[in-house]
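Structural overview
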Amino acid sequence: MNNPLLQVEGLTTAFRAGGALIRPVQDVSFSVAQGGALGIVGESGSGKSVTALSILRLLPDTARIETGRILFDGTDLATAGMTSVRGRDIGMVFQEPMTSLNPVLRVGDQVAESLTLHNICPPAEARARAIDMLRRVGLSDPERRAQDYPHQMSGGMRQRVMIAGALVCRPRLLIADEPTTALDVTIQAQILDILRRMRAELGTAIVLITHDLGVIAEFVESVVVMYAGRVVERADVASLFRNPGHPYTTGLLRAVPRLHDVQRRLYQIPGNVPPPTRFPPGCRFAPRCAEARPICTEHVPPEIALSPSQSAACWKHTGFARP
Amino acid sequence: MTALLDIENLSKHFPGGVRAVDGISFHIAPGETLALVGESGCGKSTTSRLALRLLEPTTGSIRFNGEDLRTLSPAALRRRRRDMQIVFQDPYASLNPRMTIGEIIAEPLRVHGLAPTRAAMQARVAELLDRVGLPPDAAARYPRQFSGGQRQRIGIARAIGPNPSLVVADEPVSALDVSLQGQVVNLLQDLQEQLGLSYLFVAHDLAVVRHIAHRVAVMYLGVIVETAPADRLFAAPHHPYTQALLSAAPEPEPGAVRNRIILQGEIPSPRAIPPGCRFHTRCPLAQDICRAQTPPNQQVAPGHTAACHFAAPYPIPTESRR
């Protein structure tokens, strides 16, 4: 296998919160192949968004990366000078396009901005390329719409603008954090279609962060499942859905309501996702897990390989014994 | 059987020419769940508030147990409200942070004079907490001490306190993580069985609706485009919008063969509703008649109506899908 494009190794991110230190992301590792599509799936509080912000070095002042390395094409991003990479080699799309776009700047100028900021081309050409990109993400009449301000657009159109801005420099990696969560389902279908097409056209690798297993199933090749700040399972998408290795993944898959399931009752995982201030010791899922044994609440389970493309951090794969 | 709630030709227009709800009719039988589904701006939340007369309709009638809520005096309406309660979408915004859970649940009981003594009130609050699966000591605590799923249980306990016959649930699980949605959906079903409640369940997530609704009404731009028993709606949708909505929902089945209909364009503004069929600007089947004439509500099977000139099972042919 070629060198991965993005490699995250042992990432732990800490936040100061009222005198205490909390770690919403702990010892997280994964990699993304050149041109590949990786999904990070988890519920609120799983640490998936903090992981994205850590990679992009967009953490608030109260947070810092405690341990771990983030390699982009073999170079440590801690030493690379993030401002030259972010926006040029790594594009990003966030959930809420209204707060991510500048309200007082015309959308055409915002899309062109990263081209001029990184001195990729002169302003006139940047403008033309921005309009071309707006056309490619499916904005009708892009010359005229480029003159609009974000508030004149619908949520779906703003998300197209965000995607155009993220892709205009032809980045090698796109990090998309819940890019369709705030959108209606018919608009979500349009946006996923655009992301899929742009990925094919530009060869951009994608890290797609979402809580939606349906989006995961349709869009990515490999998946990292996070729960309460840790990776609990990683797998190729087919194995994950067919043969999940972690009880949390199993529960999540059973809990998803399905369109063609006639059963009246939904499967429910007991209990609640713990906040980062109250992560339990051992396996963090143990208090909600039907299969838990005493070892689970005492020791953090190691990641056990189940196949070359799947591993799960669960003691059941060692027969509940420490190796 | 007479309907518990019978709504006819209901509309709500807001200043500035916004036709949020534009002449809709539906009914809910005792013990039944009707789901009102649609995307943002379709008028489903406005409808849920009109049904309880929390908003004043522009036209139409709302019959509750045979009595037109629009003709009731304010005092009579207040008494009627005991029978009609609501659960809101956002479990964080809908509970007063400075009241204890006990006070929150007791409030509607007090307003309607349903617990004459302090002891009776405490007993009733404890019973309600138990019904929704919360411990008795929750009564002395504050909303911030509970998670989203638990807060939604508190909202449900508050709603069922006065023994209503109808509960309007406005996107009650949309803000919850998927591992918690089941807890709330199953609780609502248990309570329906135990108490004989009727639900008007407002949602955008068709998969959740599949599990809870007996019947489904699909809204688009202020009107109902299709109504059918849930099994039928999912098996044989007759309106192209319903089809598109069903096909757009991503399913957790990798590699599944999909016939996705990707609708072009945006949902028009309720300020500038297209003439003829409101869906024609995005409909892959639209013909001249759709641009000119509002389609009538056609009965395509018993209890199943669709407002489309070309209503048919699977009207959108496979070749125009992706």
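Attention in this report is confined to the structure presented alongside it. Fair warning: this is a prediction, and the values are worked out from it, not measured in the lab.

**With respect to the overall build of chain B**
Along its length, chain B carries 10 helices and 12 strands. Against the globule reference of 20 Å for 322 residues, chain B gives a C-alpha radius of gyration of 21 Å, in line with a compact fold. The buried share of chain B, reckoned over its 322 residues, is 58%. Relative to all contacts within chain B whose residues are 6 or more apart in sequence, the contacts with residues 24 or more apart total 63%. Accessible surface for chain B amounts to roughly 13,100 Å². Of this, 51% is attributable to carbon and sulfur atoms.

**Things to note about unusual backbone geometry**
Residue and element names in this part refer to chain B. One non-glycine residue, Asn 9, adopts positive backbone phi at about 50 degrees. By the element assignment, Asn 9 lies in strand S1 (residues 5–14). Assessed through its relative accessible area of 47%, Asn 9 is described here as partly exposed.

**A look at the side chain of Lys 48 of chain A**
All names here are of chain A. As for its position among the elements, Lys 48 is in helix H1 (residues 48–56). At 3.4 Å, the side chain of Lys 48 forms a polar contact with the backbone oxygen of Glu 43. Among all residues touching Lys 48, those that are not within four sequence positions of it are Ile 40, Val 41, Gly 42, Glu 43, Glu 178, Ile 209, Thr 210, His 211 and Met 226.

**Comments concerning the pattern of salt bridges**
For the structure shown, the criterion picks out 33 salt bridges over all chains. Of the charged contacts, one joins Asp 170 of chain B and Arg 49 of chain B as a salt bridge, the two residues approaching to 2.8 Å between their closest N and O atoms. Linking Asp 170 of chain B in strand S7 (residues 166–170) with Arg 49 of chain B in helix H1 (residues 44–51), this pair joins segments that are 121 residues apart in sequence. Owing to a relative accessible area of 4%, Asp 170 of chain B belongs among the buried residues under this scheme. By sharing partners, the salt bridges in this structure join Asp 132, Arg 135, Arg 136, Glu 143 and Glu 201 of chain A into a single network.

**A closer look at the interface of chain B and chain A**
Across the boundary between the two partners, chain B contributes 44 residues, which contact 44 residues of chain A. For the pair chain B and chain A, the summed buried surface comes to about 3,900 Å²; carbon and sulfur atoms form 51% of the total. Taken together, the links from chain B to chain A amount to three salt bridges. The interface formed by chain B and chain A holds 22 residue pairs in polar contact (both at pLDDT 80 or more) in total. Elements with a contribution of two residues or more to the side of chain B that touches chain A: helix H6 (178–195), helix H7 (206–212) and helix H9 (240–248) of chain B. It is H6 of chain B that provides the largest number of residues to the side of chain B that touches chain A, a total of 11 residues. Residues of the side of chain B that touches chain A, tallied by class, amount to 19 nonpolar, 14 polar and 11 charged.

So, how was this worked out
- Residues numbered from 1 in each chain as written.
- Chains lettered and ligands numbered in written order.
- Predicted model: local features only at pLDDT ≥ 70, side-chain atom pairs only at ≥ 80, totals over all residues.
- Heavy atoms only, no water.
- Helix = DSSP H or I, 4+ residues; strand = E, 2+ residues; numbered from the N terminus.
- Rg over C-alpha atoms; globule rule 2.2 N^0.38 Å.
- Buried < 20%, exposed > 50% of the residue type's maximum accessible area, 1.4 Å probe, protein only.
- Contact = heavy atoms within 4.5 Å.
- Areas by Shrake-Rupley, 256 points an atom, 1.4 Å probe, with all protein chains shown as cover.
- Polar contact = N/O pair within 3.5 Å; in protein donor to acceptor, adjacent residues only side chain to side chain.
- Salt bridge = Lys/Arg side-chain N within 4 Å of Asp/Glu carboxyl O.
- Buried area = accessible area lost by both parts, 1.4 Å probe.
- Nonpolar A, V, L, I, M, F, W, Y, C, P; charged D, E, K, R; others polar.

These figures capture arrangement, not role.
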